[in-house]
Amino acid sequence: MLSSNKAVLTEMSPPPLDILALAAHRDDVEQTCGGTLLKMAQKGYRTGILDLTQGEMGTRGSAEDRAKEAADAAKILSVSWRAALDIPDGRVENTWENRLKVARVIREQRPRVLILPYWQGRHPDHYTASILGYEASFLAGLKKLDLHQASSPARTGGHGFSHADENAPANAPLAAEGLPPHRPFKIVYATLYYDVRPTFVVDITEQFEARLSSLLAYKTQFSDQEAGKDFFPAEAEIRGRVESMARFYGMLGGVPYAEPFLQKEVGLVEDLTLIPVKSI
């Protein structure tokens, strides 16, 4: 048994994630940075998605529907890991308990890069998720942090995971005292939900169609139906809307389609001749 003062990784530890995208709701990642996650997976990086809620307050469909659809979308995006926490949908709050839940995931998955939503926006769940994710990342690096009260991500009937995790043992989660401190090296913000000039964009031209397919995997959300018809776009309009946004950000980077991101830090350049994107 591991002693409480000896935090080490064991043979049961999953391989660390290279990139983890955190969002409030199932389908947020698909809308804001799904193409980027797929591109990184195609480059050989291990990617993951953490949804804070299970979608029980959605106008369309149920939490169970959203779980199945999230698993289908995860397969399309080739993510290695996906899970959902049990934070109430529509009530994402930056509480100590919720920070511990996210900090536990960060220690379990040990991502090098964390993608968060932008810290402003229309939906309170979105901008609260941003602050919550940042503060949880700080806590996750504190050696003396006690995670005993933090629950593991919800595993709703197995549907919360992509195909890469279907053979994982049911008892795979590590004991809280066996998780060493960890903080992501880099935190970037997906800004698609808010009108702000991005720091950089990622070319998703080759990934655009798959990204669209991952969004349309949420059939309860984006197929034509009576519920919510005054608030949701018609299915025939979705491609046009998604394509218009991707083309706009692609234009900023000089490519057909792109997704926007922001970083708080100043960028570091080693060679001026290798900076991409033409100025004139």
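Further up the page is the structure itself.
Rules used throughout
- Numbering of residues starts from 1 in each chain and follows the order in which that chain's sequence is written.
- Totals for whole chains, interfaces and linings use all residues, but because this is a predicted model, local features are given only for residues with pLDDT of at least 70 and pairs of side-chain atoms are given and counted only at 80 or more.
- As a convention, hydrogens and water are excluded, and side-chain values are obtained from all of the structure's heavy atoms.
- Only DSSP runs of H or I reaching four residues or more are called helices, and only runs of E reaching two or more are called strands; each is numbered from the N terminus.
- The criterion used for residue contact is that any of the two residues' heavy atoms lie within 4.5 Å.
- Relative accessibility thresholds used throughout: buried, under 20% of the residue-type maximum; exposed, over 50%; partly exposed, between the two (1.4 Å probe, protein chains only).
- By this definition, two strands are paired if DSSP reports at least two bridges between them.
- Here the aromatic set is Phe, Tyr and Trp, taking the six-membered ring for Trp, and pairing holds for ring centres within 6.5 Å; pairs whose planes are under 30 degrees apart are stacked, those over 60 apart are edge-to-face, and all others are tilted.
- Lysine and arginine charges are scored as sitting over a ring when NZ or CZ, respectively, is within 6 Å of the ring centre and within 35 degrees of the ring normal.
- Take the number of residues in a helix, subtract one, and multiply by 1.5 Å to get its expected span.
- Fitting a line to C-alpha atoms yields each axis, with helices limited to the stretch in contact; the angle taken between N-to-C directions then spans 0 to 180 degrees.

Visitor: Would you explain the environment of alanine 140 in this entry?
Guide: Tracing the sequence through the fold places alanine 140 in helix 5 (residues 124–140). A sequence separation of 35 residues divides alanine 140 from valine 105, and the C-alpha atoms of the two residues are 8.9 Å apart. In this structure, alanine 140 is in contact with Ala103, Ile106, Arg107, Leu145, Pro181 and His182, ignoring residues within four places of it in sequence.

Visitor: Would you mind going over the environment of alanine 258 with me for this structure?
Guide: Tracing the backbone through its elements, the reader meets alanine 258 in strand 7 (residues 258–262). For alanine 258 and glycine 35, which are 223 residues apart along the polypeptide, the C-alpha to C-alpha distance reads 8.2 Å.

Visitor: Honestly, the pairing of strand 3 (residues 81–84) in this entry has me stumped. Any pointers?
Guide: Put simply, side chains in a regular strand alternate between the two faces of the sheet. Judged by which residues are buried, strand 3 turns out to be covered on both faces: Trp81 and Ala83 on one side and Arg82 and Ala84 on the other are all buried. Pairing between strand 2 (residues 47–51) and strand 3: 4 bridges, direction parallel. By the bridge assignment for strand 3, glycine 48 is matched with tryptophan 81.

Visitor: Any chance you could explain unusual backbone geometry here in plain terms?
Guide: The phi torsion of most residues other than glycine is negative, and most of the peptide bonds are trans. The backbone of serine 78 sits at a positive phi, close to 60 degrees, despite the residue not being glycine. One can find serine 78 in the loop between helix 3 (63–76) and strand 3. The class for serine 78 is partly exposed, based on a relative accessible area of 35%. In the Ramachandran plot, arginine 110 falls in the positive-phi region, its phi being about 50 degrees despite a non-glycine side chain. As for its placement among the helices and strands, arginine 110 is situated in the loop between helix 4 (96–109) and strand 4 (113–117).

Visitor: What is the right way to read the packing of aromatic side chains from this model?
Guide: With the rule as written, the count across this model stands at 6 aromatic pairs. Considering the side-chain rings of tyrosine 118 and tryptophan 119, the 4.3 Å spacing of their centres and the 35 degrees angle between planes classify their relative orientation as tilted. Tryptophan 119 sits in the partly exposed class, given a relative accessible area of 28%. Where tryptophan 119 meets tyrosine 189, the ring centres are 4.8 Å apart and the plane angle is 90 degrees; that geometry is what we call edge-to-face. Taken together, the positions of tryptophan 119 in the loop between strand 4 and helix 5 and tyrosine 189 in strand 5 (residues 186–190) put the pair 70 residues apart, joining distant regions of the chain. The class for tyrosine 189 is buried, based on a relative accessible area of 2%. Pairwise contacts between aromatic rings join Tyr118, Trp119, Tyr189 and Tyr194 into one cluster. Above the plane of the ring of tryptophan 119 lies lysine 264, whose end atom (NZ or CZ) is 5.0 Å from the centre. A cation over a ring is seen here: lysine 264 above tyrosine 134, with NZ or CZ 4.7 Å from the ring centre.

Visitor: Would you mind going over helix 4 with me for this structure?
Guide: One turn of an α-helix holds 3.6 residues; hence residues three or four places apart share an orientation. Taking 1.5 Å per residue, 14 residues should reach 20 Å; helix 4 reaches 20 Å between its end C-alpha atoms and fits that length. What helix 4 keeps buried is the set Asn98, Arg99, Leu100, Lys101, Val102, Ala103, Arg104, Val105, Ile106, Arg107, Glu108 and Gln109. Tucked inside the fold, the buried residues of helix 4 contact strand 1 (19–23), strand 2, strand 3 and helix 5. Phi for arginine 110, located one or two positions after helix 4, is positive at around 50 degrees.

Visitor: For this particular structure, what's the right way to read the sheet that holds strand 1?
Guide: In a beta sheet, neighbouring strands pair by backbone hydrogen bonds and run either parallel or antiparallel. A sheet is described by the order of its strands in space; here 7 strands give the open sequence 3-2-1-4-5-7-6, paired in mixed fashion. Looking along the sheet, the strands with just one partner apiece sit at the ends: strand 3 and strand 6 (200–203). Averaged over all pairs of adjacent strands, the angle between strand axes in this sheet comes to 25 degrees, irrespective of strand direction. Relative to strand 2, helix 2 (residues 34–42) is tilted by about 150 degrees, and along the sheet it contacts strand 1, strand 2, strand 4, strand 6 and strand 7.

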